[in-house]
Amino acid sequence: MATHVKNLDPAEIWALLENVKDPEIPVLSIVDLGIAREVKFDADGQLEIIISPTYSGCPAMYMLEEQIRETLINHGYPGPVITTKLFPAWTTDWMTEDGKKKLEAYGIAPPEKTTRNKSVLFGGQKKISCPRCQSKNSEQISEFGSTACKALYRCLDCREPFDYFKCI
Amino acid sequence: MTTLSQQDALVQYAAQIGDNGLIIGHRMSEWCFRAPSIEMEMALMNCALDLIGQARALYSYAAKTDGKGKTEDDFAYLRDEKDFRNALLTEMPNGDWGDTIVRLFLMSAYNKLFFTALGQSKDADLAAIGVKSLKEVTYHLRFSSEWLIRLGDGTEESHQRVQNSLDHLWAYTGELFLMNDAENALLDDGISVDVTALKADWNLIVADVLGQATLTLPTNNWAHLGGKAEGRHTEHFGYIISDMQYMQRRYPGCEW
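The structure displayed is predicted, hence computed values, not measured ones.

Overall, mixed pairing links the 4 strands, which are arranged 4-7-6-5 (chain A) in an open sheet. Of all strands in the sheet, those with a lone pairing partner are strand 4 (108–109) and strand 5 (138–142) of chain A, marking the two edges.

If you want it as structure tokens, here you go:
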């Protein structure tokens, strides 16, 4: 289907954004992650995409912006404006249920729901299910993993180490 | 004393909060490939990335407010020593692992309270950065607290060394709770944080963790001043920016 700026269908843009994957977790799109927040057209048909970074220093943001731009231009949406918005701050609660399932199938334990329990915030650890054998008998090896958004865990039943997408 | 216009005060204020993040973040990045274990290295680099990311957002906002076509890079790479208003604590050398942990702990306890308050700023951009940063510095505080407890309540040697770090760095914390010109200029409009009001809560956090770490709270309240108030730095600072700014100074405008 030939798409032109005249055909202003947000659903189509959202479908295109599904093709932009996180470079570190290629099974997840920016829609699954909740990084893509809004698709807007102004009166002149100017397309604007609002994105929110996971972490302030996330080195993937620039690359994602470029990929969004490239994807949209390749599909007949010239000159999209990409705006970074910090507020409201990104939270793992924005990750879609579908995204969480894909994450687990990929071998990364998905984030638990955010909690107001202070013991979890200071010292007390949550029990995270092993994405391989689903055992909750796991322990944290390191608060920080290979990227800012992950922590490192180990399953005490199947003995496999795994990444946990930490919740913020 | 010169009076700052509201606009200049806002530029300086956003930049000086960024300076704290950039300088301590740069210091922590100096541990890259040198940390005692890979987990500790990843943790420090993750924290450094958060802090430098926060600095980028703050410098970008300062550049936008300034309205002279500058970018975040101008703030990081092309200002001189006197223009940086970071707290002296952030530029202290890495020393051993204990020194680095104590510095991060003292600063993170402050950052947690500071960004909580900044989240309530009447300036929407600063408030957004405050809310975002708070989530990150909460992690830094937990990470550094756990290490401080491990070292303080560890062996006789780790206890003594981390107590020495604490006694040494303590004199650089007083400055955090004094208002400077930009902060004073923006206080009445509800834009800047009243840092003098953070001291009591900071003392509580510090006393609690030091207690768990079996460390002694320093009682000497004499403080080194100058960094935040007027850009008068310690002898360590020049080395940081000569390293950090080398490429832009040697090859102006270079990109890759």
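Turning to the sheet that holds strand 1 (residues 36–41) of chain A, a few remarks are in order. Residues and elements named next belong to chain A. Read across the open sheet, the 3 strands follow the order 1-2-3; overall the sheet is mixed. Among the strands making up the open sheet, the edge pair consists of strand 1 and strand 3 (81–84). Looking at each pair of strands side by side, their axes are set apart by 20 degrees on average, direction ignored. Two elements, strand 1 and strand 2 (residues 47–51), share 5 bridges in a ladder whose sense is antiparallel. Opposite Ala36, over in strand 2, you have Ile51 as the bridge partner.

Once that is clear, we can look at the pairing of strand 2 of chain A. Where strand 1 of chain A hands over to strand 2 of chain A, the hairpin turn is made up of 5 residues, of which Gly45(A) adopts a positive phi near 80 degrees. In this region the chain leaves strand 2 of chain A, passes through helix 2 (residues 61–74) of chain A and returns to the parallel neighbour strand 3 of chain A; the handedness of that crossover is right-handed.

Turning our eyes to something else, we now look at the packing of helix 2 (residues 38–66) of chain B against helix 6 (residues 124–152) of chain B. Residue and element names in this part refer to chain B. The geometry of helix 2 relative to helix 6 is characterised by a closest axis approach of 10 Å and an angle of 165 degrees between their N-to-C directions. Of the possible angle classes, the one that applies to helix 2 and helix 6 is roughly antiparallel. Crossing hand, helix 2 versus helix 6: left-handed. Residue-level inspection shows Ala43, Cys47, Asp50, Gln54, Ala57, Leu58 and Tyr61 of helix 2 in contact with helix 6, the latter providing Asp125, Ile129, Ser133, Glu136, His140 and Phe143. For the contact of helix 2 with helix 6, the class distribution of residues is 7 nonpolar, 3 polar and 3 charged.

Once that is clear, we can look at the domain arrangement of chain A. Residue and element names in this part refer to chain A. Here the domain parsing of chain A yields domain 1 (10–90) and domain 2 (97–165). For domain 1 and domain 2, the distance between their C-alpha centres works out to 27 Å. Listed by partner, the interface residues are 10 residues for domain 1 and 9 residues for domain 2. For the side of domain 1 that touches domain 2, the class distribution of residues is 6 nonpolar, 2 polar and 2 charged.

Rules behind the numbers
- Residues numbered from 1 in each chain as written.
- Chains lettered and ligands numbered in written order.
- Predicted model: local features only at pLDDT ≥ 70, side-chain atom pairs only at ≥ 80, totals over all residues.
- Pairing = 2+ DSSP bridges.
- Helix = DSSP H or I, 4+ residues; strand = E, 2+ residues; numbered from the N terminus.
- Axes fitted to C-alpha atoms, helices over the stretch in contact; angles between N-to-C directions.
- Right-handed = clockwise from strand over helix to strand, strands pointing away.
- Parallel < 35°, antiparallel > 145°, perpendicular 65-115°, else oblique.
- Left-handed = near helix turned anticlockwise from the far one by under 90°.
- Contact = placed C-beta atoms within 7 Å.
- Nonpolar A, V, L, I, M, F, W, Y, C, P; charged D, E, K, R; others polar.
- Domains from an automatic or database assignment.

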